[in-house]
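Below, each chain spelled out in residue letters.
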Amino acid sequence: MTKIIPLHRSIIPACDVQSLRQLSAIVRATRGMEKISAYKVGFELVVRFGLKKTVDTVKKLSEKPVIYDHQKGGTDIPEMGERFASACAQSEVDAVIIFPFTGPESESAWIDAIKKQGLGLIVGGEMSHKKFLAKENGFIADDAPKKIFELAASKKVSDFVVPATKPGRIAYFSNLLKEKGVKNPAFYSPGFVTQGGDLKKALESTSADFHAIIGRAIYGAKNPKAAAMDLVERI
């Protein structure tokens, strides 16, 4: 299976900005850096301008993959997976992120639908903010992320979102996936810099392919190019 990102370690700008002009500026500032491996777009641009127009804005400037984070895709009923996957494929997205919190039927159906469309698939199960799991006074069952990852692994998924703010959990998921037969997992991790995630600790927590998803520290910097270059040098 072709990897979404062929690099072992990289930076993915999270383009959570409010205009296509800002999106274009981020791509222009970073597209020449080898270890800038992809661009992640989310609801803020897509709700305003549409998925196709957002994707086209990136692809006119760069050949790097565009990852769509539906925030949080995969939480609807099973039947909606096909509609979601079809819309993403028609918009020429390269890969999508889902967090299938609503159970195994929805997770299985969404994974199947996304794979059927030939899209790259990245599955998440645990988020980076405080009070997420029940043991932290959150709403999500403590073993839910484990179950989500185990099911995804059984369906030959090899790309996963892990929380940068919890390096211990990155190590846990890395070991879990190896036990479940995922030979070459790739991790995509948000929560760095402004949320408090430590890049060095995250990288040390796993030997797997690791792609740091970084937003405000790049697009919110006075000099986004310099900020991106600094991060690339640390990856």
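Computed from a predicted structure; not experimentally measured.

Draft legend 1. Summary view of the environment of Gly191. Position of Gly191 relative to the elements: it lies in the loop between β7 (186-189) and α8 (199-204). Since its relative accessible area comes to 4%, Gly191 is described here as buried. Counting along the chain gives 64 residues from Gly191 to Met127, while the straight-line C-alpha distance between them is 8.6 Å. Those residues in contact with Gly191, other than ones at most four positions away along the chain, are Ser128, Ala164, Thr165, Gly196, Gly197 and Ile213.

Draft legend 2. Representation of the pattern of salt bridges. Within the structure shown, the criterion is met by twelve salt bridges. Between Asp69 and Lys40 there is a salt bridge, with its nearest N and O atoms 3.1 Å apart. One end of the pair, Asp69, is in strand β3 (residues 66-69); the other, Lys40, is in strand β2 (residues 39-41), and 29 residues separate them in sequence. An identical accessibility class is assigned to Asp69 and Lys40; each is buried. Note that Lys52 is salt-bridged to Asp56, the shortest N-O span being 2.9 Å. Note that Lys52 and Asp56 are positioned in helix α3 (residues 51-59) at a spacing of four residues, about one turn of the helix. Salt bridges sharing common partners tie together Lys146, Glu150 and Lys180.

Draft legend 3. Representation of unusual backbone geometry in the model. Cis geometry is found at the peptide bond from Gln71 to Lys72, where omega equals 0°. Position of Lys72 among the secondary structure elements: in the loop between β3 and α4 (80-90). The residue Glu92 is not glycine, and still its phi comes out positive at about 65°. The topology assignment puts Glu92 in the loop between α4 and β4 (95-98). Residue classification places Glu92 among the partly exposed residues on the basis of a relative accessible area of 41%. Phi is positive for Lys156, close to 70°, though the residue is something other than glycine.

Conventions used here
- Residues numbered from 1 in each chain as written.
- Predicted model: local features only at pLDDT ≥ 70, side-chain atom pairs only at ≥ 80, totals over all residues.
- Heavy atoms only, no water.
- Helix = DSSP H or I, 4+ residues; strand = E, 2+ residues; numbered from the N terminus.
- Buried < 20%, exposed > 50% of the residue type's maximum accessible area, 1.4 Å probe, protein only.
- Contact = heavy atoms within 4.5 Å.
- Salt bridge = Lys/Arg side-chain N within 4 Å of Asp/Glu carboxyl O.

Any link to function would need more than the numbers given here.
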